[in-house]
Amino acid sequence: MNRSLKCVVIDDEPLARELIRSYVERTPNLELAGSFESASEAVKTVMTGDIDLIFLDIKMPLLNGVEFAAMIPRNIRVIYVTAYDSYALDAFRTNALDYLLKPVSYAEFMKAVGKAIEWFMMKDTYEASMGPALSGDTITVKADHRLIQMKTDTIKYVEVRKDHLLFFRTTGETVSSVMSMRDIEEVLPPSRFMRVHRSFIVNLSNVEVVERNRIVFGKTYIPISESKRDEFLKRMGAS
C-alpha cells in the first residue's frame, strides 16, 4: 500500500484508549490523527473528510459509537473496540470492518488492520480506474481519494494546469482532479460546454460578460483563441 491510513481512536476508557493508540503508532501504514475520550470531541476532526479509519468504542456518554458511525462520511471505515458483544449486529449496519472485544491483543488488532488495508487497496484501485462520468445533469470526478459529484450547471469553467484540471464553480468552490482536458471534454455536454482555448472549457450558460477576445468571470479573464472566436460568438448568438 502506497499511502498511510489516517486513524482516530475514540474511547472513554483511558487505559483502553492508550492501548489502541500505542498499537496505531507502532503499526506501519497507520498514521494517528487524533485520540479522543468521546465522539463529540472527535466530531470536528472526523468531519474534515481527511480521516480513513476510526477505532471506536460503543458505550460512551452522550453519543454512543453506533450513533456516531451513522453520522460520519461514507468513505470512513470503522473498527469497533468494545467490551460488549451485544451491539455487533447494529455495528455492522454502519461502516464497520471488524468488531473487537476488549482486551484486544496486538495480533487481533493487526488482523483487523489487515482487513482495513485490503479494503482501502480495493477502493483505491477502483477509483484509480475511474475516469470522469456523467449521469443526467451530474458529473462525477476523482479528487484526491474522494469522488466528487457536481451539477454541471454549477461549473463556470474548467482550466488545465499541468497534469490536473481545476473546476471553478458558481458556489465559489474549486475542485482539483488529475485528468487530461480530453478526458473531461469527452464527458461534458457539448450543447452547453465549449473549449474556447487550449487551456479552458467554459459553460456557455454561465457566460455573462465578453470583452474583446476574452470572457470575464468577475476578476478572472478567460482568453478566446482566434480559431474558436467565430464559433463561440455564433453559439452565444452574437454573430
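Residues numbered from 1 in each chain as written. Predicted model: local features only at pLDDT ≥ 70, side-chain atom pairs only at ≥ 80, totals over all residues. Heavy atoms only, no water.

Examining the side chain of arginine 17
Step number 1: Tracing the backbone through its elements, the reader meets arginine 17 in helix α1 (residues 14-25).
Step number 2: Of the side chains with opposite charge, glutamate 37 comes closest to the buried, unpaired arginine 17, at an N-O distance of 4.5 Å.
Step number 3: Within the structure, the side chain of arginine 17 is placed 2.6 Å from the backbone oxygen of aspartate 11, a separation counted as a polar contact.
Step number 4: Arginine 17 has contacts with Val9, Asp11, Asp12, Ser35, Phe36 and Glu37, leaving out every residue within four places of it along the chain. (Helix = DSSP H or I, 4+ residues; strand = E, 2+ residues; numbered from the N terminus. Buried < 20%, exposed > 50% of the residue type's maximum accessible area, 1.4 Å probe, protein only. Lys, Arg positive; Asp, Glu negative; His and termini not counted. Salt bridge = Lys/Arg side-chain N within 4 Å of Asp/Glu carboxyl O. Polar contact = N/O pair within 3.5 Å; in protein donor to acceptor, adjacent residues only side chain to side chain. Contact = heavy atoms within 4.5 Å.)

Some thoughts on the pairing of strand β13 (residues 200-203)
Step number 1: With burial as the criterion, each face of β13 is covered, one bearing Phe200 and Val202 and the other bearing Ile201 and Asn203.
Step number 2: With 3 bridges connecting them, strand β9 (residues 155-161) and β13 associate as antiparallel partners. What sits directly across from tyrosine 157, in β13, is valine 202.
Step number 3: Inspection of the sheet shows strand β12 (residues 193-197) paired to β13 by 4 bridges, in the antiparallel sense. Opposite methionine 194, over in β13, you have valine 202 as the bridge partner. (Pairing = 2+ DSSP bridges.)

Here's the deal with the sheet that holds strand β8 (residues 146-151)
Step number 1: Reading across from one edge, β6-β7-β8 is the order of the 3 strands in this open sheet, with antiparallel pairing throughout. In the strand order of this sheet, the two ends are held by β6 (133-135) and β8, each with one partner. Averaged over neighbouring strand pairs, the angle between their axes works out to 30° when direction is ignored.
Step number 2: Taken together, the 6 bridges between strand β7 (residues 138-143) and β8 define a ladder with antiparallel strand orientation. The residue bridging isoleucine 139 from the neighbouring strand is methionine 150, located in β8. (Axes fitted to C-alpha atoms, helices over the stretch in contact; angles between N-to-C directions.)

Topic: unusual backbone geometry
Trans is the prevailing form of peptide bonds, just as negative phi is the prevailing case for residues other than glycine.
Step number 1: Geometrically, the link from lysine 102 to proline 103 is a cis peptide bond, its omega value of -5° lying close to zero.
Step number 2: Looking at where proline 103 falls in the secondary structure, it is placed in the loop between β5 (96-101) and α5 (106-128).
Step number 3: Non-glycine residue leucine 62 carries a positive phi angle of around 70°.
Step number 4: Along the polypeptide, leucine 62 turns up in the loop between β3 (53-56) and α3 (65-69).
Step number 5: One non-glycine residue, arginine 212, adopts positive backbone phi at about 55°.
Step number 6: Here arginine 212 shows up in the loop between β14 (209-211) and β15 (214-217).

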